[in-house]
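Residues per chain are reported as follows:
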Amino acid sequence: MGWKPCRPYRKKENNLPVLPEDIESQILELLEFVQDVAVARMVCKRWKRLVDENSQLWRRLKGLTLPKRLPSEAEKWYRKAAQCGNREALALLALLYYYGYQSQDRTTVFSLPYIGNSVAC
C-alpha cells in the first residue's frame, strides 16, 4: 500500500433557484441603513455586485457615521455613496479629509467627488 494523494476538495453546486436580477435589485433597494447593506454584500458574490452597482441604494443610504477605526474602509463607502448623490456621505467624506485622513501611502489626499449627472455610479 503506497501513499495516494487525496482528491482536491470540490465545492458542491448550489441548486437553489436564482431570482431574476431586477427582482433582487428591488429587494436590495428596500435596505436603508449601512449595516444592512454591509450584511447584504456578504451574502454572495452576485449580491455584492448588485449592491455595488445599485446607485439608488447608495443615494439613500443612512446611518453613516465618522469611523472610529479603519478610515480607509469608511472612505471607500463614503466615496461610493457621495458619487451616487448621497449628500450625507459627501459631508462625512469632507470631515474625514478635514480631520487629516490621507490615503494609505500618506502622501495624497483624494479630491472630493463631483455630485452631478455626469458621474457614473
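Here's a quick rundown of the structure. (Residues numbered from 1 in each chain as written. Predicted model: local features only at pLDDT ≥ 70, side-chain atom pairs only at ≥ 80, totals over all residues. Heavy atoms only, no water.)

Assigned secondary structure in the protein consists of six helices and zero strands. Its helices and strands in sequence order give the protein the pattern α-α-α-α-α-α, from N to C terminus. Expressed as a percentage of its 121 residues, the buried residues of the protein come to 28%. Considering only intrachain contacts with a sequence separation of at least 6, the fraction spanning at least 24 residues in the protein is 58%. Of the roughly 9,300 Å² that the protein leaves accessible, carbon and sulfur atoms contribute 57%. (Helix = DSSP H or I, 4+ residues; strand = E, 2+ residues; numbered from the N terminus. Buried < 20%, exposed > 50% of the residue type's maximum accessible area, 1.4 Å probe, protein only. Contact = heavy atoms within 4.5 Å. Areas by Shrake-Rupley, 256 points an atom, 1.4 Å probe, with all protein chains shown as cover.)

Glancing now at the environment of Arg79. The residue Arg79 is located in helix α5 (residues 71-83) in this model. A sequence separation of 14 residues divides Arg79 from Leu93, and the C-alpha atoms of the two residues are 6.9 Å apart.

Right, let's talk about the nonpolar core for a bit. Nonpolar side chains in soluble globular proteins generally cluster together in the buried interior. Among the nonpolar cores identified, the biggest contains 23 residues, and Leu28, Val51, Trp58, Leu61, Leu64 and Tyr78 are the most heavily contacted of them. Composition of this core by domain shows at least three residues from each of domain 1 (19-65) and domain 2 (69-103). Beyond its immediate stretch of four places on either side in the chain, Leu28 contacts Ala40, Trp47, Leu50, Val51 and Leu57. (Core = buried A, V, L, I, M, F, W, Y, C linked by side-chain atoms within 4.5 Å. Domains from an automatic or database assignment.)

Turning next to the pattern of salt bridges. The final tally for this structure, using the stated rule, is seven salt bridges. In this structure, Glu32 engages Lys62 in a salt bridge whose closest nitrogen and oxygen atoms are separated by 3.8 Å. Placement of the pair is Glu32 in the loop between α1 (21-28) and α2 (34-41) and Lys62 in the loop between α4 (55-60) and α5, with a sequence separation of 30 residues. Across the pair Arg41 and Asp52 runs a salt bridge, and its minimum N-O distance is 2.9 Å. Pair noted here: Arg41 is in helix α2 and Asp52 is in helix α3 (residues 45-53), with a separation of 11 residues, a long-range link. In this structure, a network of salt bridges that share partners links the residues Glu21, Arg49 and Glu53. (Salt bridge = Lys/Arg side-chain N within 4 Å of Asp/Glu carboxyl O.)

Taken residue by residue, α2 has Val34, Val37, Ala40 and Arg41 as its buried positions. Down the axis of α2, the sector holding all buried residues measures 120 degrees, keeping them to one side. Every exposed residue of α2 that faces more than 90 degrees away from the buried side is listed here: Gln35 and Val39. Here the buried face of α2 lies against α1, α3, α4 and α5. (Arc of directions from axis to C-beta.)

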